[in-house]
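# Tertiary structure, described
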Amino acid sequence: MAYFTDIPKIVYEGSKSKNPLAFKHYNPDEIIEGKTMREHMRFGAAYWHVMRNALSDPFGGGTAVMPWDDYSDSVDNAKKRADVFFEFLEKIDIDYYCFHDRDIAPELDDFSKSTAALNEVVAHLGQLQQSSGKKLLWGTACLFSHPRYSQGAGTSPDAAVFAYGAAQVKAAMDATHALGGLGYTFWGGREGYATLLNTDMKRELDHLAALLHMAVDYAKKIGYTGQFYIEPKPREPSTHQYDSDSAACLNFLREYGLLEHFKLNLETNHATLAGHTMQHEISVAMGANALGSIDANQGDTLLGWDTDQFPSDIYGTTQVMLKVLEMGGFTTGGLNFDAKRRRESHEPIDLFYAHIGGMDAFARGLKVAAAIREDGRIADFVKSRYSSWDEGIGKQIEDGKMNFDDLTEWVKKNPEPVVASGRQELMENILNELL
Ligand code: XLS
Ligand code: NI
Ligand code: NI
């Protein structure tokens, strides 16, 4: 049964179109820097936000109208939701999706029953993927909603909870593998602490690393070759989360010998919560060759929490796409809309408006980023700003040929340095000129 019968397949109509159900900038077949927009973006939809987010907030219950859902924990209901989700993917023209185990299938009253339900829904999703050509960008296990995880999963003080979490990850990895998932993500929702008065931080971190090592070993065992990701976030729900930002994640992965097995899945709103720009988070990850995938959303600077809004800020999408182009594009990753409608946007059609807006915002970002690269003035300025390192004393320092004594001698023989302007305003002017 079709649910979005009144909604046509969303197509590109160009920037003059006033049709709210059309792309104004996302033209999937348009070639930019030698690749189609579709290939650049690799858009994904988040099962949890599209199908399972009732749009509640701490002050009130859900508002979302979901006529297809009977709100039961039956496998049939779960399968019906999957059908509706694939109808949505088809109409919005999004090629990839992401899920948590507990979004796609119900958590029942014991582990084996939950896993059996998961496997049944996975078989159904496999058929839907087969007939539609849609692909799984990444899967993950929800190790933060159930009360057993209230004090963490991999970092729980209770070893029995760790064991449960590990078994759940194993089942979610099996599901991801069965569906040909390109990646598997760990977002440690409650892998952190509320107070150090009751916490053995070092021990918890050792345990988290042990969980990730077990996942790497299990992937080898079953022949799963997808990419593992960690998704940083500084807080919420935990007061302090161990994977707080790109730098903290990279340090953790290095310390525990995991860096070769993991990349980062970076989310814009999490960067904001960490007090960084997304561009900063991406740059840190790229410095370690560890940018894997992106959870595309944005926060609201007037609210201090993870509002998961659809991206509409074209400065933001431009900066993300500049970095993605600089990296040479995604390999396993993509732009997954980890974004939800506002509580007030409760009608099913709002799902379409929301994703159309996000896709168009990224399409504009891509076009502006490509224009900035073609224009070349910003890149030329950066190159010339560092040109003192290309020869003479700079080159010798970079080549490791200088020590403190050599540099002291050099300073004595040379005039006082005269630093050139950083030209921030000029750079901003050029960006705005091309926007
Ligand atoms: C929550 C996270 C979550 C992860 C997947 O803030 O963004 O949605 O992406 O567990
Ligand atoms: Ni996310
Ligand atoms: Ni988030």
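Residues numbered from 1 in each chain as written. Chains lettered and ligands numbered in written order. Predicted model: local features only at pLDDT ≥ 70, side-chain atom pairs only at ≥ 80, totals over all residues. Heavy atoms only, no water.

Note that Lys-134 resides in the loop between helix H5 (111–132) and strand E5 (135–140). We classify Lys-134 as buried; its relative accessible area is 6%. Along the primary structure Lys-134 and Gly-180 are separated by 46 residues, whereas in three dimensions their C-alpha atoms are 11 Å apart. (Helix = DSSP H or I, 4+ residues; strand = E, 2+ residues; numbered from the N terminus. Buried < 20%, exposed > 50% of the residue type's maximum accessible area, 1.4 Å probe, protein only.)

The nickel ion (ligand 3) binds to the protein through Glu-267 (OE), His-270 (NE2) and Asp-306 (OD), with metal-donor distances spanning 2.1 to 2.4 Å. Here the donor residues for the nickel ion (ligand 3) map to a single chain with the spacing E-x2-H-x35-D. Between the nickel ion (ligand 3) and the nickel ion (ligand 2) the interatomic distance amounts to 4.1 Å, and Glu-267 serves as a bridging ligand to the pair. With Glu-267 in strand E10 (residues 262–267) and Asp-306 in the loop between strand E11 (291–295) and helix H11 (314–327), this pair connects stretches of sequence that are 39 residues apart. Like Asp-306, Glu-267 is buried. (Donors = N, O, S within 2.8 Å, 3.2 Å for Na, K, Ca; no water.)

With that settled, the discussion passes to the side chain of Gln-227. Position of Gln-227 relative to the elements: it lies in strand E8 (residues 227–230). With residues up to four places along the chain from it excluded, the contact list for Gln-227 reads Leu-182, Gly-183, Tyr-184, His-261, Phe-262, Lys-263 and Thr-332. (Contact = heavy atoms within 4.5 Å.)

Following both chains from N to C, one finds helix H6 (residues 159–178) and helix H7 (residues 201–222) inclined at 35°, their axes separated by 11 Å at the closest point. The chirality of how H6 crosses H7 is right-handed. Facing H6, whose interface residues are Phe-162, Ala-166, Lys-170, Met-173, Asp-174 and His-177, H7 presents His-207, Ala-210, Leu-211, Met-214, Ala-215, Tyr-218, Ala-219 and Ile-222. Taken together, the residues of the contact of H6 with H7 sort by class into 10 nonpolar, two polar and two charged. (Axes fitted to C-alpha atoms, helices over the stretch in contact; angles between N-to-C directions. Left-handed = near helix turned anticlockwise from the far one by under 90°. Nonpolar A, V, L, I, M, F, W, Y, C, P; charged D, E, K, R; others polar.)

To continue, consider unusual backbone geometry. With omega at 10°, the peptide bond leading from Glu-236 into Pro-237 counts as cis. We note that Glu-33 has phi near 45°; this positive angle belongs to a residue other than glycine. Topologically, Glu-33 is positioned in the loop between strand E1 (31–32) and strand E2 (35–36). The class for Glu-33 is partly exposed, based on a relative accessible area of 42%.

Looking now at the coordination of the nickel ion (ligand 2). All of the protein donors around the nickel ion (ligand 2) are Glu-231 (OE), Glu-267 (OE), Asp-295 (OD) and Asp-338 (OD); their distances to the metal are 2.0 to 2.1 Å. Angles of 80 to 175° at the metal separate the six donor atoms of the nickel ion (ligand 2), which places the site in the octahedral class. Along the chain, the residues donating to the nickel ion (ligand 2) fall in the pattern E-x35-E-x27-D-x42-D. Looking at Asp-295, the relative accessible area reads 0%, which means it is buried. (Tetrahedral: all angles 85-135°; square planar, octahedral: opposite > 155°, others 65-115°.)

We now examine a nonpolar patch on the surface. Nonpolar side chains collect at one region of the surface, where Val-382, Tyr-386, Trp-389 and Ile-397 lie side by side and expose about 360 Å² of accessible area between them. The residue Ile-397 is located in helix H14 (residues 392–398) in this model. (Patch = residues over 30% accessible without salt bridge, like charges linked within 9 Å, V, L, I, M, F, W, Y side chains within 5 Å. Areas by Shrake-Rupley, 256 points an atom, 1.4 Å probe, with all protein chains shown as cover. Salt bridge = Lys/Arg side-chain N within 4 Å of Asp/Glu carboxyl O.)

Attention shifts here to the pairing of strand E6 (residues 183–186). In E6, alternate side chains face the same way, and those of Gly-183 and Thr-185 on one face and Tyr-184 and Phe-186 on the other are all buried. Across four bridges, the pairing between E6 and E8 is parallel. The residue bridging Tyr-184 from the neighbouring strand is Phe-228, located in E8. (Pairing = 2+ DSSP bridges.)

A few words on the site of ligand 1. Taken together, Trp-48, His-100, Trp-138, Trp-187, Glu-231, Lys-233, Glu-267, His-270, Asp-295, Asp-306 and Asp-338 form the complete shell of residues around ligand 1. Here an oxygen atom of ligand 1 and a side-chain polar atom of Glu-231 are 2.6 Å apart. The side chain of Lys-233 places a nitrogen or oxygen atom 2.9 Å from an oxygen atom of ligand 1. For ligand 1, the accessible surface in isolation is 290 Å², of which the surrounding protein chains cover 94%. Residues belonging to the shell around ligand 1 are distributed by class as follows: three nonpolar, two polar and six charged. (Near = heavy atom within 4 Å. Polar contact = N/O pair within 3.5 Å; in protein donor to acceptor, adjacent residues only side chain to side chain.)

Time to look at the environment of Glu-33. The spacing of Glu-33 and Glu-344 is 311 residues in sequence and 39 Å in space, taken between C-alpha atoms. Setting aside its immediate chain neighbours within four residues, Glu-33 contacts Leu-325, Ala-370 and Arg-373. Within the structure, the side chain of Glu-33 is placed 2.7 Å from the side chain of Arg-373, a separation counted as a polar contact.

Let's shift gears to the nonpolar core. Within the largest apolar cluster, 104 residues are counted, with the highest numbers of intra-cluster contacts made by Phe-252 and Ile-294. Sort the elements by how many residues they give to this core and helix H12 (residues 348–375) lands first, with 10 residues. The next biggest cluster of nonpolar side chains, apart from the first, holds seven residues, and it includes Ala-46, Cys-98, Leu-137 and Trp-138. (Core = buried A, V, L, I, M, F, W, Y, C linked by side-chain atoms within 4.5 Å.)

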